[in-house]
Amino acid sequence: MKLYKNFDISKNHKGSIILIGNFDGVHVGHQKLFKLANSYKKKFNLNIGVLTFEPMPKMFFNKDIKNFRILNINQKNIILKDLGVDFVITQKFDKKFSKIKSDFFIKKILYEKLKAKYIFVSNNFKFGNKREGDVNQLIKNEKIYDYKIVKPKPLILSQKVISSTYIRSLLEKGDLKNTNKLLNRNWSIEGMVQKGRQQGKKIGFPTCNIDIKDYVIAMPGVYVVNVKQKNSNKSLKAIANLGYRPTFNQKKILLEVHIFNFSGNLYNKYLSIEFTKFIRKEKKFKNVNQLRKQIQSDLKVAKRS
């Protein structure tokens with residue numbers, strides 16, 4: 001799969017199927033979309049390309065939104081490749097790009113730069129300066145610019161529209177079971193192991209500390225997780241605390257991971273933390289001894305899982 005940072009794509013990728021969106025989470029609704037795109041790929045012998053934006057427009061326009069992502073870019077690209085995508089254009093979303101007029105976007109980018117043949121967009125897709133462009137404008141220009149708009153219906157399960165927004169709400173409620181079901185895999189966070197205050201080590205449970213950056217904040221609490229190092233398929237069983245460590249009066253959200261029966265130095269290593277089960281909510285303990293007893297109890301639950 002080829003990665004592009006702008007619209008200057010290679011000749012063999014012009015005239016492709018283009019899917020436009022954030023695709024945060026690449027959940028079962030998105031997966032249904034890519035399945036349909038692959039049927040077009042087979043039928044018309046075309047490549048599949050994804051046009052996405054960085055940062056996500058919602059985060060660009062609202063600087064107060066910090067913890068929002070279900071996936072980082074690296075995770076998203078790996079999943080898109082597995083779904084049959086041939087190339088991804090990650091366009092920098094900045095002030096200049098946000099001012100582009102909708103008719104310019106259609107003529108200069110979709111038509112002249114990409115020569116898109118089939119364009120997949122959601123029914124509520126908005127684009128261009130002040131979100132002036134919509135799906136109706138794209139449809140009106142189909143014959144002029146030689147493309148066809150495809151707007152699949154959203155996936156509805158148990159009377160709920162499956163969306164990234166809905167999955168974020170499940171994570172925030174600690175509903176990991178349904179989150180993983182709707183992602184069709186275990187939700188995971190990637191990050192670098194940082195040197196912390198060694199509080200876990202002091203009470204007998206050394207942890208890898210990971211800054212969650214702009215990932216969505218799932219329900220603060222204790223989770224059963226699997227840990228993988230970069231470029232390794234070996235999975236290590238572990239327990240993780242995602243939270244603010246109220247017993248130690250900390251204010252910053254942190255992911256602390258205690259790997260079972262592990263000895264070694266993981267500082268500055270890039271880890272993937274896969275969440276498999278929610279054990280309990282985070283709580284404040286009167287003292288370190290109470291916390292230690294609770295961790296021992298949590299470990300028993302995690303090891304049985």
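Refer to the preceding data block for the structure.
Note that the coordinates shown come from a computational prediction; the quantities given were computed from them, not determined experimentally.

Student: Describe the sheet that holds strand β6 (residues 148–150), listing the residues and the values that go with them.
Tutor: One open sheet holds the six strands; their spatial order is β1-β4-β3-β2-β5-β6, and the pairing between them is parallel. Each edge of the open sheet is held by one strand with a lone partner, namely β1 (2–4) and β6. Across the sheet, the axes of successive neighbouring strands diverge by a mean angle of 20°, strand direction being ignored. Across three bridges, the pairing between β1 and strand β4 (residues 87–92) is parallel. Among the inter-strand pairings, K2 is bridged to a residue of β4, identified as F87.

Student: Talk me through the layout of surface pockets; I want residue IDs and the actual numbers.
Tutor: Taken as a whole, the largest pocket spans an internal volume of roughly 1,400 Å³. Along the walls of the largest pocket sit 44 residues, with G21, N22, S122, N124 and F125 positioned nearest its centre. Per-element accounting of the lining of the largest pocket gives the leading share, four residues, to helix α1 (residues 28–44). A breakdown of the residues in the lining of the largest pocket according to their chemical character gives 21 nonpolar, 14 polar and nine charged. Considering only enclosed or pocket space, the second largest pocket measures out at about 640 Å³ in volume. Lining the second largest pocket are 24 residues; nearest its centre among them are Q75, I78, E190, K228 and S272. Put simply, the parts of the chain that give the lining of the second largest pocket at least two residues each are α3 (73–82), β9 (188–194), β11 (221–229) and β14 (270–281). Tallying contributions element by element places α3 first for the lining of the second largest pocket, with five residues. Classifying every residue of the lining of the second largest pocket by side-chain character gives seven nonpolar, 11 polar and six charged.

Student: Residue-level account of the pattern of salt bridges, with values.
Tutor: With the rule as written, the count across this model stands at 10 salt bridges. Note that D24 and R168 form a salt bridge whose closest N and O atoms lie 2.9 Å from each other. You can see D24 sitting in the loop between β2 (17–20) and α1 and its partner R168 sitting in helix α8 (residues 164–172), a full 144 residues away along the chain. Comparing D24 with R168 shows no difference in burial state: the two are buried. One salt bridge in this structure joins D86 and K41, with 3.2 Å as the shortest N-O distance. Residue D86 is located in the loop between α3 and β4, and its partner K41 is located in helix α1; the two are separated by 45 residues in the primary sequence. Several salt bridges share partner residues, and in doing so they unite E54, R69 and D214 into one network.

Student: Just give me the short version of the pairing of β11, but keep the residues and values in it.
Tutor: Of all the nine residues making up β11, seven are buried; the element is thus mostly covered by neighbouring parts of the structure. As defined by bridge partners, β11 adjoins strand β12 (residues 236–243) across seven bridges and the pair is classed as antiparallel. When the bridges of β12 are listed, G221 appears paired with L242. Linkage of β11 to β12, two consecutive antiparallel strands, is achieved through a turn of six residues, within which N231 is found at a positive phi near 60°. Pairing analysis gives nine bridges linking β11 to β14, with the strands arranged antiparallel. Considered in β14, the bridge of Q229 is made with L271.

Student: Can you explain a positive patch on the surface? Please cite residues and give values.
Tutor: A cluster of basic residues, K95, K99, K101 and K130, forms a positive patch on the protein surface. Turning to its location among the elements, K130 is positioned in the loop between β5 (118–120) and α6 (135–140).

Student: Just give me the short version of the sheet that holds strand β10 (residues 208–210), but keep the residues and values in it.
Tutor: The six strands are arranged β9-β10-β13-β12-β11-β14 in a closed barrel whose pairing can be described as antiparallel. When the angles between neighbouring strand axes are averaged without regard to direction, this sheet yields 40°. Bridge count for β12 against strand β13 (residues 254–259) is six bridges, and the pairing is antiparallel. Residue pairing across strands places A240 opposite V257, the latter belonging to β13. In this fold helix α9 (residues 176–183) packs onto β11 and β14, with an angle of close to 135° to the strand it touches most, β14.

Calculation notes
- Residues numbered from 1 in each chain as written.
- Predicted model: local features only at pLDDT ≥ 70, side-chain atom pairs only at ≥ 80, totals over all residues.
- Heavy atoms only, no water.
- Pairing = 2+ DSSP bridges.
- Helix = DSSP H or I, 4+ residues; strand = E, 2+ residues; numbered from the N terminus.
- Axes fitted to C-alpha atoms, helices over the stretch in contact; angles between N-to-C directions.
- 1 Å grid on protein atoms, 1.4 Å probe; cavity = no way out; pocket = protein on both sides within 12 Å on 5 of 7 lines; lining within 4 Å.
- Points joined across faces, edges and corners; volume = space filled by probe spheres on them.
- Nonpolar A, V, L, I, M, F, W, Y, C, P; charged D, E, K, R; others polar.
- Salt bridge = Lys/Arg side-chain N within 4 Å of Asp/Glu carboxyl O.
- Buried < 20%, exposed > 50% of the residue type's maximum accessible area, 1.4 Å probe, protein only.
- Patch = residues over 30% accessible without salt bridge, like charges linked within 9 Å, V, L, I, M, F, W, Y side chains within 5 Å.
- Areas by Shrake-Rupley, 256 points an atom, 1.4 Å probe, with all protein chains shown as cover.
- Lys, Arg positive; Asp, Glu negative; His and termini not counted.
- Charge placed at Lys NZ, Arg CZ, Asp CG, Glu CD.
- Contact = heavy atoms within 4.5 Å.

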